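As a plain string of letters, each chain reads:
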Amino acid sequence: MKSVITIAYNNLDKSIETKNMLVEKLNRAGFQVSEKLEENTELIISIGGDGSLLQTIHKFNFAQIPVIAINTGHLGFFAEISPDKIDGFIQSYINKEYFIQQLYPLEAKICTKERCIKISAVNEIVIKNIQSRTVHLDLQVDGMKIEHFSGDGMLISTPIGSTAYNYSAGGSIVDPKLDLFQLTPIAPMNTNAYRSFTSSIILPTTSVISISPEFDFEDSILIVIDGKQYKYTQIEEVKIYKSNYKLNLLRLNGYEFWNRVAEKFL
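Residues numbered from 1 in each chain as written. Predicted model: local features only at pLDDT ≥ 70, side-chain atom pairs only at ≥ 80, totals over all residues. Heavy atoms only, no water.

J.: Account for helix α3 (residues 86-94), naming residues and giving values.
T.: Among all positions of α3, only I86, F89, I90, S92 and Y93 are buried. Seen along its axis, α3 keeps its buried residues to an arc of 165°; they face one direction. Close packing links the buried residues of α3 with β1 (4-9), α1 (13-28), β3 (41-48), β4 (67-71), β5 (98-103) and β17 (247-252). Downstream of α3 by a residue or two, K96 has a phi angle that is positive, lying close to 60°. (Buried < 20%, exposed > 50% of the residue type's maximum accessible area, 1.4 Å probe, protein only. Helix = DSSP H or I, 4+ residues; strand = E, 2+ residues; numbered from the N terminus. Arc of directions from axis to C-beta. Contact = heavy atoms within 4.5 Å.)

Here it is in structure tokens:
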């Protein structure tokens, strides 16, 4: 049975052209290509930008099959392959000139008055007010009260997500080899009336973060999961913790995180 490589792509013309070229080259190299997860899928390739890679991971329910991205977007921090390097990538993959970078996603249990649901995130989970108003959040870590936060919102990121929204919000870039969470306040208020931390908080991934909103005007909260927004009503508590399962990013030999940071951000 032929090995299957599963492909996901966005609807940009460049991505569709790249997909067609990739399918032809993979078939020529002896691989079967599918747009679904098959029983014998051995690799997932996402075509697009960083957002497309996140969507691909969510689409395939955080499958532990190795995933790699071909960049047809803008920044392309996750994606180390450009369309003109596909031949070299296929040869490197056949020759097993790669390694697997293992990452642990975030998991959150969102409890309302009626039910609890679980969600997972690769980069970050953000809790904000549904309106353009100050949000008030009680923050606990492992059952201990840390602060009553007031500001635009609170962001919890993984190390791999530290270069995304977290970085824009003033958080630190974290080496993905480190096993930690980063809690970054978004526009925190620090006045005589409201006292909030104004810098990131670093926590071990053994921690359980608990956030409870205080409702003033309406009973809705916005939770953003890897850039996708969800509105929840009557939330009593959001618990955030390290997931038990791992993501496997396929990296070509020679990949180095800090070289990538310097290349994309400096």
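The rest of the description comes next.
J.: Describe the packing of aromatic side chains, naming the residues involved and giving the relevant values.
T.: Counted under the stated rule, the structure contains 8 aromatic pairs. Considering the side-chain rings of F62 and Y245, the 5.9 Å spacing of their centres and the 65° angle between planes classify their relative orientation as edge-to-face. One end of the pair, F62, is in the loop between α2 (50-59) and β4; the other, Y245, is in the loop between β16 (235-242) and β17, with 183 residues separating them in the sequence. Taking the relative accessible area as the measure of exposure, F62 reaches 8% and is therefore buried. Overall, Y245 belongs to the partly exposed group, its relative accessible area being 23%. For the ring pair Y93 and Y98, a centre distance of 5.4 Å and an interplane angle of 20° mean the geometry is stacked. For Y93, a relative accessible area of 9% corresponds to the buried category. Overall, Y98 belongs to the partly exposed group, its relative accessible area being 23%. The ring centre of Y255 lies 4.1 Å from the NZ or CZ of R251, which sits over that ring. (Phe/Tyr/Trp six-rings, centres within 6.5 Å; stacked < 30°, edge-to-face > 60°. Lys NZ or Arg CZ within 6 Å of the ring centre and 35° of its normal.)

J.: Can you lay out the side chain of S207 for me, pointing to particular residues and giving the numbers?
T.: Secondary-structure assignment places S207 in the loop between β12 (201-204) and β13 (209-214). Sequence-distant contacts of S207, defined by excluding residues within four places in its chain, comprise V141, D142, F181, I240 and Y241.

J.: Could you give an account of α2, naming the residues involved and the relevant values?
T.: Turn by turn, an α-helix covers 3.6 residues, leaving residues three or four places apart pointing in a common direction. Residues of α2 that are buried include every one of D50, S52, L53, L54, T56 and I57, and no others. Looking at the buried residues of α2, the elements they touch are β1, β3, β4 and β17. N61 sits one or two positions beyond α2 and adopts a positive phi of about 55°.

J.: So, the packing of α1 against α3: which residues are in play, and what are the values?
T.: In the contact formed by α1 and α3, the axes pass within 11 Å of each other and the chain directions differ by 40°. Classed by the angle they form, the pair α1 and α3 counts as oblique. Like other packed secondary-structure pairs, α1 and α3 cross with a definite hand, here right-handed. Facing α1, whose interface residues are T18, M21, L22, K25 and L26, α3 presents I86, D87 and I90. The residue inventory of the contact of α1 with α3, partitioned by class, reads 5 nonpolar, 1 polar and 2 charged. (Axes fitted to C-alpha atoms, helices over the stretch in contact; angles between N-to-C directions. Parallel < 35°, antiparallel > 145°, perpendicular 65-115°, else oblique. Left-handed = near helix turned anticlockwise from the far one by under 90°. Nonpolar A, V, L, I, M, F, W, Y, C, P; charged D, E, K, R; others polar.)

J.: Please provide a residue-by-residue account of unusual backbone geometry, values included.
T.: The phi dihedral of N61 falls on the positive side, at around 55°, and the residue is not glycine. Of note, N61 is situated in the loop between α2 and β4. Note on N61: relative accessible area 64%, which makes it exposed. The backbone phi angle of D226 is positive, close to 50°, even though this residue is not glycine. Inspection of the secondary structure assignment puts D226 in the loop between β14 (220-225) and β15 (228-233).

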